[in-house]
Amino acid sequence: MLFKKTIELVEYAELSNEINFISITATLRMVEEQHIISVLGKEQYNDLNDTYQAATDETTLSDENKNLLHQCRMVIGPYVCYYYAPKAEIKLTDGGARRMETATAKTAFQYQVTKFRDQNLAEAEAATELLLQFLEENKDDYDLWQNSSAFKEYRSLFIKTAKEFNELFPSHSPYRNYWAMRSTMEDVEENNIRDVIGDELFDDLKTKDTGATDLTDVEEKLLQKLKKAIAYFTVSFSIPFLNVSIAANGITVATTNRALNEEVSGRGFAADNPLSALMKQSQANGQSWIKNALKYLNDPENEGAFTGWPIEVPETKCDDKRYNTINRDSKGSFGLY
């Protein structure tokens, strides 16, 4: 683990100095497994952890390891508070679960615990973005990260981080939204964007965007237009799934408990009509950006600037008698425009 004692942990987490480090170890281990290794990859994490554990004093660490350790701890601290707060309210004893309360230290009200956890979750998510930004800016110092499966996963989509997604489609909780919709984003890229611009251009942009070679200015501009389309389509296609949970107790829909959180006391989940309108408008905006991208691709000034464009459209015939004679010999490319 990337902490050895409580005094180190309290520098990054809203915890009491008296907290028993052993009692929080399980939560620390889970946080690092779930939120640090998934970003650094096993190899880079193990290298940092082994170096840190072997050092008798943190000051002897290299600058690269000191900086990475600090960025990781910025993520770990608030996540520990988020996960440990509900568990700290009770302790299991021989006589069963007991609430820990003294004459001078009272258990927090539920709404206070909720707000405490919400704030720590927001800080942890923001710190994760900063960790990714730090790694990206200093990737030459961390070869193990660059060669990890975590790096390949991070670089696999055109829109790579919640911060970037929020610039394309602003929202109240960009980090949570980004990770909730990331699988849909991959569907949009493969099933919609690839279909519109063709395999050769899509694969060329994807290869260059992962850092293999540099994108040209016109390719950068095209990619920005495609990213706008991806963001809008992703939101539209994700909406039906966001409030639905498939768990052991079946398929459920989230509800708002207004008694616990004043911040949402005047808000409930959107009704079908507003949701349908948001889906339709997001899809319309995505289609508009696809048209914008195609116009840019077909601009005479950009002729020959893009690999594999224009795409060749094979002549197709429809022999199905359900279609009229006029459509039977039609040919063309049909995309989202």
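Residues numbered from 1 in each chain as written. Predicted model: local features only at pLDDT ≥ 70, side-chain atom pairs only at ≥ 80, totals over all residues. Heavy atoms only, no water.

Visitor: What exactly am I supposed to notice about the overall build of the chain here?
Guide: What the chain contains, in helices and strands, is 13 helices and four strands. Expressed as a percentage of the 337 residues in the chain, the buried residues total 37%. Long-range pairs, those at least 24 residues apart, make up 66% of the contacts in the chain with a sequence separation of at least 6. Summed over its atoms, the accessible surface of the chain is roughly 20100 Å², and 50% of this surface lies on carbon and sulfur atoms. (Helix = DSSP H or I, 4+ residues; strand = E, 2+ residues; numbered from the N terminus. Buried < 20%, exposed > 50% of the residue type's maximum accessible area, 1.4 Å probe, protein only. Contact = heavy atoms within 4.5 Å. Areas by Shrake-Rupley, 256 points an atom, 1.4 Å probe, with all protein chains shown as cover.)

Visitor: Quick question: what am I supposed to make of the packing of helix α9 (residues 174-197) against helix α10 (residues 199-209) here?
Guide: Axes are the key here: two packed helices are described by the angle between their axes and the distance separating the axes. Contact geometry for α9 and α10: axes closest at 7 Å, N-to-C directions at 120 degrees. Seen from α9, the contacting residues are Glu 189, Glu 190, Ile 193, Arg 194 and Ile 197; seen from α10, they are Asp 199, Leu 201, Phe 202, Asp 203, Leu 205 and Lys 206. Here the contact of α9 with α10 is built from residues that sort into five nonpolar, no polar and six charged. (Axes fitted to C-alpha atoms, helices over the stretch in contact; angles between N-to-C directions. Nonpolar A, V, L, I, M, F, W, Y, C, P; charged D, E, K, R; others polar.)

Visitor: How do you make sense of the packing of aromatic side chains when you look at a structure like this?
Guide: In this structure the tally under the stated criterion is 14 aromatic pairs. When the centroid spacing of 6.0 Å and the interplanar angle of 25 degrees are considered together, the rings of Tyr 79 and Tyr 83 count as stacked. One end of the pair is Tyr 79 and the other is Tyr 83, both in helix α4 (residues 63-88) and four residues apart, which spans about a single turn. Using a relative accessible area of 3% as the deciding quantity, one classes Tyr 79 as buried. Judged by relative accessible area, which is 22%, Tyr 83 ranks as partly exposed. Their ring planes at 75 degrees and their centres at 5.0 Å tell us that Tyr 82 and Tyr 83 sit as a pair that is edge-to-face. (Phe/Tyr/Trp six-rings, centres within 6.5 Å; stacked < 30°, edge-to-face > 60°.)

Visitor: I tried to follow a negative patch on the surface on my own but got confused; where do I start?
Guide: Negative charge collects at one region of the surface, where Asp 63, Glu 64, Asp 140, Asp 141 and Asp 143 lie side by side. With respect to the secondary-structure elements, Asp 140 resides in the loop between α5 (110-137) and α6 (143-146). A relative accessible area of 64% means that Asp 140 is categorised as exposed. (Patch = residues over 30% accessible without salt bridge, like charges linked within 9 Å, V, L, I, M, F, W, Y side chains within 5 Å. Salt bridge = Lys/Arg side-chain N within 4 Å of Asp/Glu carboxyl O. Lys, Arg positive; Asp, Glu negative; His and termini not counted. Charge placed at Lys NZ, Arg CZ, Asp CG, Glu CD.)

Visitor: I tried to follow the side chain of Ser 282 on my own but got confused; where do I start?
Guide: Within the secondary structure layout, Ser 282 lies in helix α12 (residues 272-297). You can call Ser 282 buried: its relative accessible area is 2%. Those residues within four positions of Ser 282 in sequence are excluded, and the remaining contacts are Phe 169, Tyr 232, Phe 233, Val 235 and Ser 236.

Visitor: What am I meant to see in the nonpolar core here?
Guide: For soluble globular proteins, nonpolar side chains are generally found buried alongside one another. Core analysis: the biggest nonpolar cluster contains 78 residues, and Leu 15, Ile 24, Leu 68, Leu 135, Phe 165, Ile 197 and Leu 222 have the highest contact counts within it. Residues contacting Ile 197, with those up to four places away along its chain left out, are Phe 202, Leu 205, Leu 226, Leu 297, Trp 309 and Ile 311. (Core = buried A, V, L, I, M, F, W, Y, C linked by side-chain atoms within 4.5 Å.)

Visitor: Whenever I open this one, α4 confuses me. Can you help?
Guide: One full turn of an α-helix is made of 3.6 residues, so residues set three or four places apart face in the same direction. The end-to-end C-alpha distance of α4, which contains 26 residues, comes to 35 Å, matching closely the 38 Å that a straight helix rising 1.5 Å per residue would cover. Remark: the principal bend of α4, roughly 30 degrees, maps to Tyr 82, with a proline, Pro 86, within the next four residues. (Expected span 1.5 Å × (residues − 1). Bend = angle between axes of the 7 residues up to and from the residue.)

Visitor: Help me understand the confidence of the model for the chain, please; the structure alone is not making it clear to me.
Guide: Interpretation of the predicted coordinates at a detailed level should be avoided for regions scoring low in pLDDT. On average, residues of the chain carry a pLDDT of 86, and 81% of them reach 70 or more. Note that pLDDT drops below 50 for residues 258-268; the model gives that stretch 15 contacts with residues more than four away or on any other chain. Scored below 50 in pLDDT, residues 322-337 makes 23 contacts in the model with residues more than four places away or belonging to other chains. (pLDDT = per-residue confidence, 0-100.)

Visitor: For this particular structure, what's the right way to read α10?
Guide: Of the positions making up α10, those classed as buried are Leu 201, Phe 202, Asp 204, Leu 205, Lys 206, Lys 208 and Asp 209. Phi turns positive one or two residues past the end of α10, at Gly 211, with a value near 100 degrees.

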